[in-house]
Amino acid sequence: MDPKTLLPVVLFVLVNVIRTESYKILGIFHTSSRSHYIAGGALMKGLSEKGHDVTVISPFPQSEPLKNFHDIPIIGMEKLVEELVPRSKLIETDNMGLVEKLHLFSTMGLSMTNYTLNHVLQHFPRTNDIHFDVIVMEVFMNEAFLGIGHYFNAPVIGFLSFTNTKASNDMVGTPSPISYIPHLFVKFDDKMTFSQRVMNMLAYVCEELFVNWYYMLDQVKIYDAIFPDPKPRLDELLKNVSLVLLNNHFSLSFPRPYVPNMIEVGGLQINRTPKQLPPDLQKILDDAVHGVIYFSLGTIVKAKHISANTQKEILNVFRRLKQTVLWKWDEALTDGKPNNVYVSAWYPQDDLLAHPNVKLFITHGGLLSLTETIYHAVPIIGIPFFADQQVNMARAERLGYAKTILPKELGRESLSAAIKEVLTNDKYAHQIKIMSERYRDQPMTPLDTAIYWTEYVVRHRGAQHLRSAGLDLTFFAYHSLDVFAALLAAVLAISFVFWRLVRWSGCRIVSKIVNKRKVD
């Protein structure tokens, strides 16, 4: 090789070797729902492929060993949650009031927190031999987890499998004006009417009272019981999270303010180059002359949650279609399967949606599914059951790429009409294409972005320079209520003095006039 050509190659290799440093990273994704793990798991795999030594605590260990990737499975988490909150009750939460919802999720969160922390400390007794450069943990009703950062003397990165919440905002001081930022449990967007803003404020106030006067007291009890002294107060740790990663992107929702250490990385799990599909599935998709409809209700809703009569009506709709239907279903169908319908307990959803013959996606409306369908530009029909699904679908309808059918309205007529509308009205395909172009227009992939910021936190020893000063202010100081009160007091004081002067002057003038008349 010519020396002139060899020199740049050598320099390139040396620069990359020098810049590539392996870190020890601990990931904790504790919830029993696989959908919560998928995005966080994608980040952990990306970090391990980059050469970092990654340890992951979750209920979902890898089926095959991965290089630089160490699993510590949480055994029994799914059973614990099912006993506390059966799935049949979980998918009915949209029929509950706000307080009932908060109580249900807090009960589940507190139990998962306590169970996971005991599991962590069993595997990692306090010793100087165990070290982590950074800890990435899911943020979902588990504030006591922050003690792990202090336990290992490592900076903490919070990870949300959905859009940001009050808990994640409070960790890094992200402003959340209630005038145009809707609460997670209300079905509004950023353009609210007066009555909606009133309801939105009440939802925030209700959550604030519930969290501060009930829920956080129990998180503190778990924290105090699990972690040995000496240790800081939990509220101090809550204000010292280095970074929060959000499974969201502004093009999927609406613009909102963020502090520098809150980063959007929605779409971590999407394969930018689709993987090869299984041969039998590839053939079905390739041979679908009239296109394919993919039907999946996610990982929580099971066959037993859909009545036999509704299943029959769904099949009757599919039977009349010329399109091929791929139905993710975990049990045998209650009625005879039409020839155009294929059923499987699992499909490689992301890679399947990438196939050009997929024309429609019938989904539960989870954020992962919506991100994937937007990336691949496939319009949707949403059947939202609980949590953020109704909010996601309400927003998708307003953005023009989706139709919604509520579970209680799901039947032959509603499903048939929705399928006909989305497949024959070009506006849905047109709008999802626009959404896809917006979402894809990013300087870095979400995975590269998340990896960069994770390494950034380690390189800068917790990146405390990103910390917002708002975290150190009281509620009154943060909202300048003390300043307004002082200004109001000053105005009132000046007004009072002015009024007294006017009154005094008036009295003097009147007194002089009266005295003069008496003299005359």
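The structure displayed is predicted, hence computed values, not measured ones.

1. Focus on the sheet that holds strand S1 (residues 24–28)
Here's step 1: Taking strand neighbours across the sheet as the criterion, the seven strands line up as S3-S2-S1-S4-S5-S6-S7 in an open arrangement whose pairing is parallel. Looking along the sheet, the strands with just one partner apiece sit at the ends: strand S3 (69–73) and strand S7 (262–264). When the angles between neighbouring strand axes are averaged without regard to direction, this sheet yields 20 degrees.
Here's step 2: Of the pairings in the sheet, the one linking strand S2 (residues 53–58) to S3 comprises five bridges and is parallel in character. Opposite Ile57, over in S3, you have Ile72 as the bridge partner.
Here's step 3: Helix H2 (residues 34–49) rests against S1, S2, S3, strand S4 (134–138), strand S5 (156–160) and strand S6 (243–246) of the sheet, and its axis sits at about 165 degrees to S2.

2. Here we look at the packing of aromatic side chains
Here's step 1: Using the criterion set out here, one finds 20 aromatic pairs in the structure.
Here's step 2: Seen in terms of ring centroids, Tyr375 and Tyr439 are 6.2 Å apart; in terms of plane orientation they differ by 85 degrees. Their pairing is edge-to-face. Note that Tyr375 is positioned in helix H13 (residues 367–375) and Tyr439 in helix H16 (residues 426–440), a separation of 64 residues in sequence. When sorted by exposure, Tyr375 lands in the same class as Tyr439, which is buried.

3. Points about H2
Here's step 1: With 16 residues, H2 extends 21 Å between its outermost C-alpha atoms, agreeing within 8% with the 22 Å of an ideal straight helix rising 1.5 Å per residue.
Here's step 2: A maximum bend of about 30 degrees is found in H2 at Gly40.
Here's step 3: Listed in full, the buried residues belonging to H2 are His36, Tyr37, Ala39, Gly40, Gly41, Ala42, Leu43, Met44, Gly46, Leu47 and Ser48.

4. Remarks on the packing of helix H11 (residues 308–319) against helix H15 (residues 412–424)
Here's step 1: Interhelical geometry of H11 versus H15 gives an angle of 35 degrees and a closest axis separation of 9 Å. Like other packed secondary-structure pairs, H11 and H15 cross with a definite hand, here right-handed. Across the interface between the two elements, Glu313, Ile314, Asn316, Val317 and Phe318 from H11 touch Arg412, Leu415, Ser416 and Ile419 from H15.
Here's step 2: Split into classes, the residues belonging to the contact of H11 with H15 amount to five nonpolar, two polar and two charged.

5. A closer look at the side chain of Glu143
Here's step 1: By secondary structure assignment, the location of Glu143 is in the loop between S4 and helix H6 (146–152).
Here's step 2: Buried Glu143, no salt bridge; nearest opposite-charge side chain is Lys166, N-O distance 7.9 Å.
Here's step 3: Within the local environment of Glu143, its side chain forms a polar contact with the side chain of Tyr215, the two groups lying 2.5 Å apart.
Here's step 4: The residues touching Glu143, leaving out its near neighbours within four places in the chain, are Ala167, Tyr215, Met216, Gln219, Leu234 and Leu238.

6. A closer look at the pairing of S5
Here's step 1: Of all five residues in S5, five are buried, a share of seventy percent or more.
Here's step 2: Both faces of S5 are covered, namely the face carrying Val156, Gly158 and Leu160 and the face carrying Ile157 and Phe159.
Here's step 3: Relative to S5, S4 is paired through four bridges, and the arrangement is parallel. From the neighbouring strand, Val136 faces S5, where its bridge partner is Ile157.
Here's step 4: What joins S4 to S5 is H6, and the crossover it makes is right-handed.
Here's step 5: As paired strands, S5 and S6 are joined by four bridges and run parallel to one another. Note that in S6 the partner of Leu160 across the bridge is Leu246.

7. Let's talk about the environment of Gln282
Here's step 1: Residue position: Gln282 is located in helix H10 (residues 279–287).
Here's step 2: When the C-alpha positions of Gln282 and Leu406 are compared, they lie 32 Å apart, and in sequence the two are 124 residues distant.
Here's step 3: Setting aside residues no more than four positions away along its own chain, Gln282 makes contact with Gln276, Leu277 and His355.

8. Examining the sheet that holds strand S10 (residues 341–344)
Neighbouring strands of a sheet are bound in pairs by backbone hydrogen bonds; such pairs are parallel or else antiparallel.
Here's step 1: Spatial strand order, S10-S9-S8-S11-S12-S13: six strands in an open sheet with parallel pairing. If you trace the sheet from one side to the other, it starts and ends with S10 and strand S13 (402–404), each paired once. Here the strands of the sheet are splayed against their neighbours by 15 degrees on average, with no regard to which way each runs.
Here's step 2: Against the sheet, H10 contacts strand S8 (292–296), strand S9 (324–328), S10 and strand S11 (358–363), and its axis sits at roughly 145 degrees relative to S9.

9. Focus: a nonpolar patch on the surface
Here's step 1: Taken together, the side chains of Phe475, Phe476, Leu481, Val483, Phe484 and Leu487 present a nonpolar region at the surface, about 630 Å² in accessible area.
Here's step 2: At the level of secondary structure, the elements contributing two or more residues to the nonpolar patch comprise helix H18 (475–478) and helix H19 (481–519).
Here's step 3: A per-element tally of the nonpolar patch places H19 first, with four residues.
Here's step 4: With respect to the helices, strands and loops of the structure, Val483 is situated in helix H19.
Here's step 5: Of the residues examined, Val483 reaches a relative accessible area of 43% and is grouped as partly exposed.

10. What to know about empty space enclosed by the protein
Here's step 1: Throughout the structure, instances matching the rule amount to four cavities of 30 Å³ or more.
Here's step 2: Taken as a whole, the largest cavity holds about 130 Å³ of empty space.
Here's step 3: Taken together, 13 residues line the largest cavity, and the ones lying closest to its centre are Leu252, Leu367, Leu370, Asn392 and Arg395.
Here's step 4: Here the residues of the lining of the largest cavity sort into seven nonpolar, four polar and two charged.

11. Focus: the confidence of the model for the protein
Here's step 1: Averaged over the protein, the pLDDT score is 87; the fraction of residues at 70 or greater is 92%.
Here's step 2: Segment residues 6–19 is flagged for pLDDT under 50; beyond a separation of four residues in sequence, or across chains, it makes one contact in the model.

12. Some thoughts on the environment of Thr116
Here's step 1: Looking at the element boundaries, Thr116 is found in helix H5 (residues 98–123).
Here's step 2: Thr116 gets classed as buried once you look at its relative accessible area, which sits at 0%.
Here's step 3: Measuring from C-alpha to C-alpha, the distance between Thr116 and Ile74 comes to 7.1 Å, with 42 residues separating the pair along the chain.
Here's step 4: The residues touching Thr116, leaving out its near neighbours within four places in the chain, are Ile28, His30, Ile74, Met77 and Phe145.

Conventions and cut-offs
Residues numbered from 1 in each chain as written. Predicted model: local features only at pLDDT ≥ 70, side-chain atom pairs only at ≥ 80, totals over all residues. Heavy atoms only, no water. Pairing = 2+ DSSP bridges. Helix = DSSP H or I, 4+ residues; strand = E, 2+ residues; numbered from the N terminus. Axes fitted to C-alpha atoms, helices over the stretch in contact; angles between N-to-C directions. Contact = heavy atoms within 4.5 Å. Phe/Tyr/Trp six-rings, centres within 6.5 Å; stacked < 30°, edge-to-face > 60°. Buried < 20%, exposed > 50% of the residue type's maximum accessible area, 1.4 Å probe, protein only. Expected span 1.5 Å × (residues − 1). Bend = angle between axes of the 7 residues up to and from the residue. Left-handed = near helix turned anticlockwise from the far one by under 90°. Nonpolar A, V, L, I, M, F, W, Y, C, P; charged D, E, K, R; others polar. Lys, Arg positive; Asp, Glu negative; His and termini not counted. Salt bridge = Lys/Arg side-chain N within 4 Å of Asp/Glu carboxyl O. Polar contact = N/O pair within 3.5 Å; in protein donor to acceptor, adjacent residues only side chain to side chain. Right-handed = clockwise from strand over helix to strand, strands pointing away. Patch = residues over 30% accessible without salt bridge, like charges linked within 9 Å, V, L, I, M, F, W, Y side chains within 5 Å. Areas by Shrake-Rupley, 256 points an atom, 1.4 Å probe, with all protein chains shown as cover. 1 Å grid on protein atoms, 1.4 Å probe; cavity = no way out; pocket = protein on both sides within 12 Å on 5 of 7 lines; lining within 4 Å. Points joined across faces, edges and corners; volume = space filled by probe spheres on them. pLDDT = per-residue confidence, 0-100.

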